[in-house]
Amino acid sequence: MSELMLYNTLTRRKERFEPLGPGAVGMYSCGPTVYSHQHLGNMRAYVFADLVKRVLGYFGHDVNHIVNITDVGHLTDDADAGEDKMEEAARREGMTAWEVAAKWTAVFEEDLKRLHVLEPSRWCKATDHIPEQIEMIATLEAKGFTYTNRDGVYFDTSKEPHYGELARLDLESQETQERIEGVGDKRNPSDFALWKLSKADGNKRQMEWESPWGNGFPGWHIECSAMSSKYLGETFDIHTGGVDHIPVHHTNEIAQSENAFGVRPWVRYWLHGAWLMFDNEKMSKSKGTTVTLDDIVEHGIDSLAYRYFLLTAHYRQQMSLSDAALDGAQASYQRLVRHAIELRDSDESQGAAAMEGFKSRFDRALADDLNTPQALAVVWEAVRSNDLGAVEKWQLLSGFDVVLGLGLADANLLVPTIDAEIEAKIQEREAARAAKDYARSDEIRDELIADGIVLEDTPEGVRWRRG
Ligand code: AMP
Ligand code: ZN
């Protein structure tokens, strides 16, 4: 089998993946802040982490996968200002912060299931690990990396000579900025909160805990350092997240962890997924440009067609969401499902000779930093190949699906009905046109338009999309 190469943000290079030890690969993925719906951009990050895990499994590794649920401490501004997102949502929704967390965690987990994202080995919530976070802050304090101000306990980034290496941060330009804008109670612009003190302004927080520094709550970054290392050890193999995590969240996780545990590097491979764009911007709650899985399912898009859509781009490539892109993915996904069903039900064989070529090309594509668009191209070549019988194609396809996670090998896979009807109507219209029965062909076209289906004549034949 090919050697697995992964692009490591730490070195900005593709590196051969070599696990730390003989046991399971330790992998931590930053999970959601559960104050509202996760949008399709968020879900891209989790499908990406799922892909990493599935590929590791495919290449023979056991994976100990930890995903956190941020249910406290993530402020509306990543720079430690603003209100706690959970407390704000609780006020807005008229629920307790705990109810908000439970509600949106359940919705998130349901969306993951619909996208065939495998369960992690362990979920961990920030609020279940307050003592671990306090202990880690106390260690950093004892080692001289912190200071306390009116707002709470802060990490002093000037004490960490390697600070910002992951993001290749330009600290000098930050300091220039600091002279212009000031840094409030912080000593350096990049310093960040480890523990925030509850304010004595009469607005009692719902989520707060006692600590050696006073009542308050943990900063956002400390949870990931404390929980990942509790379950994976003080150094581990892989950490994933979105590219937006590089300059602040992951940079701060590294600074805390390397100094608290006295290890470097703390994590060997940092993998980051690119953004899902919408209307030329990052899909984002703060900009109000969000589309959820429910939204597209209501418009007739299969949730696994969204997974297929994600696999059509490399994880480090930005993708743009559009109706046309989703319709295209839906059509391809449903075509693949129809092939899978046909192949499954056939016993036509041509012998195994040609299989190895396809399998090794599929493996090579994945081994090359998870190149899923190339892997999908091999899937389609295999499905259309004249050198393979149905039996061999089915065997390949069900093997590939261990990584793709498109449910192609599910025993209860059904022919997609709605789209099959549309295809049948289009064929009927083609037949009518061939027979010069234009009245009937126009009638069918009008029926389809009434159903919201737009037909386009292309050199490859008639294509359709939802209008
Ligand atoms: P948040 O709840 O904002 O911390 O985001 C949760 C996860 O979704 C993080 O891993 C982010 O990097 C990721 N994420 C947020 N917006 C997008 C987007 N538009 N495209 C891809 N990933 C995103
Ligand atoms: Zn994190």
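Each value, and the rule that gives it
- Residues numbered from 1 in each chain as written.
- Chains lettered and ligands numbered in written order.
- Predicted model: local features only at pLDDT ≥ 70, side-chain atom pairs only at ≥ 80, totals over all residues.
- Heavy atoms only, no water.
- Near = heavy atom within 4 Å.
- Polar contact = N/O pair within 3.5 Å; in protein donor to acceptor, adjacent residues only side chain to side chain.
- Areas by Shrake-Rupley, 256 points an atom, 1.4 Å probe, with all protein chains shown as cover.
- 1 Å grid on protein atoms, 1.4 Å probe; cavity = no way out; pocket = protein on both sides within 12 Å on 5 of 7 lines; lining within 4 Å.
- Sits in = over half its atoms within 2 Å of the grid points.
- Helix = DSSP H or I, 4+ residues; strand = E, 2+ residues; numbered from the N terminus.
- Nonpolar A, V, L, I, M, F, W, Y, C, P; charged D, E, K, R; others polar.
- Donors = N, O, S within 2.8 Å, 3.2 Å for Na, K, Ca; no water.
- Tetrahedral: all angles 85-135°; square planar, octahedral: opposite > 155°, others 65-115°.
- Buried < 20%, exposed > 50% of the residue type's maximum accessible area, 1.4 Å probe, protein only.
- Domains from an automatic or database assignment.
- Axes fitted to C-alpha atoms, helices over the stretch in contact; angles between N-to-C directions.
- Parallel < 35°, antiparallel > 145°, perpendicular 65-115°, else oblique.
- Left-handed = near helix turned anticlockwise from the far one by under 90°.
- Contact = heavy atoms within 4.5 Å.

Another point: the site of ligand 1. Around ligand 1 sit 15 residues, and of these G41, N42, D244, L276 and M283 come closest. At 2.7 Å from a nitrogen atom of ligand 1 is found a main-chain nitrogen or oxygen belonging to L276. Residue M283 places a main-chain N or O atom 2.8 Å away from a nitrogen atom belonging to ligand 1. Its free accessible area being 490 Å², ligand 1 has 94% of it covered by the protein chains. In this structure, ligand 1 is accommodated by the largest pocket. Take the shell around ligand 1: its biggest share by element is four residues, from helix α1 (residues 40-58). Partitioning the shell around ligand 1 into residue classes produces six nonpolar, seven polar and two charged.

So, about the coordination of the zinc ion (ligand 2). The protein atoms that coordinate the zinc ion (ligand 2) are C30 (SG), C224 (SG), H249 (NE2) and E253 (OE), at distances spanning 2.0 to 2.8 Å. What the four donor atoms of the zinc ion (ligand 2) show is an angle range of 71 to 130° at the metal, which sorts the shape as irregular. As a motif over one chain, the donors of the zinc ion (ligand 2) read C-x193-C-x24-H-x3-E. One end of the pair, C30, is in the loop between β3 (25-29) and α1; the other, C224, is in helix α6 (residues 220-232), and 194 residues separate them in sequence. C224 matches C30 in its accessibility class, with the two residues each being buried.

Next up on the list: the domain arrangement of the protein. Taken domain by domain, the protein holds domain 1 (9-278), domain 2 (299-414) and domain 3 (420-466). Computed over C-alpha atoms only, the centres of domain 1 and domain 3 are separated by 52 Å.

Our focus in this paragraph is the packing of helix α10 (residues 323-344) against helix α13 (residues 390-404). In the contact formed by α10 and α13, the axes pass within 8 Å of each other and the chain directions differ by 125°. Considering the angle they form, α10 stands oblique to α13. Considering the relative orientation of α10 and α13, their crossing is left-handed. On the side of α10, the interface is formed by A340, L343 and R344, while α13 contributes A390, K393, W394 and L397. Considered class by class, the residues forming the contact of α10 with α13 number five nonpolar, no polar and two charged.

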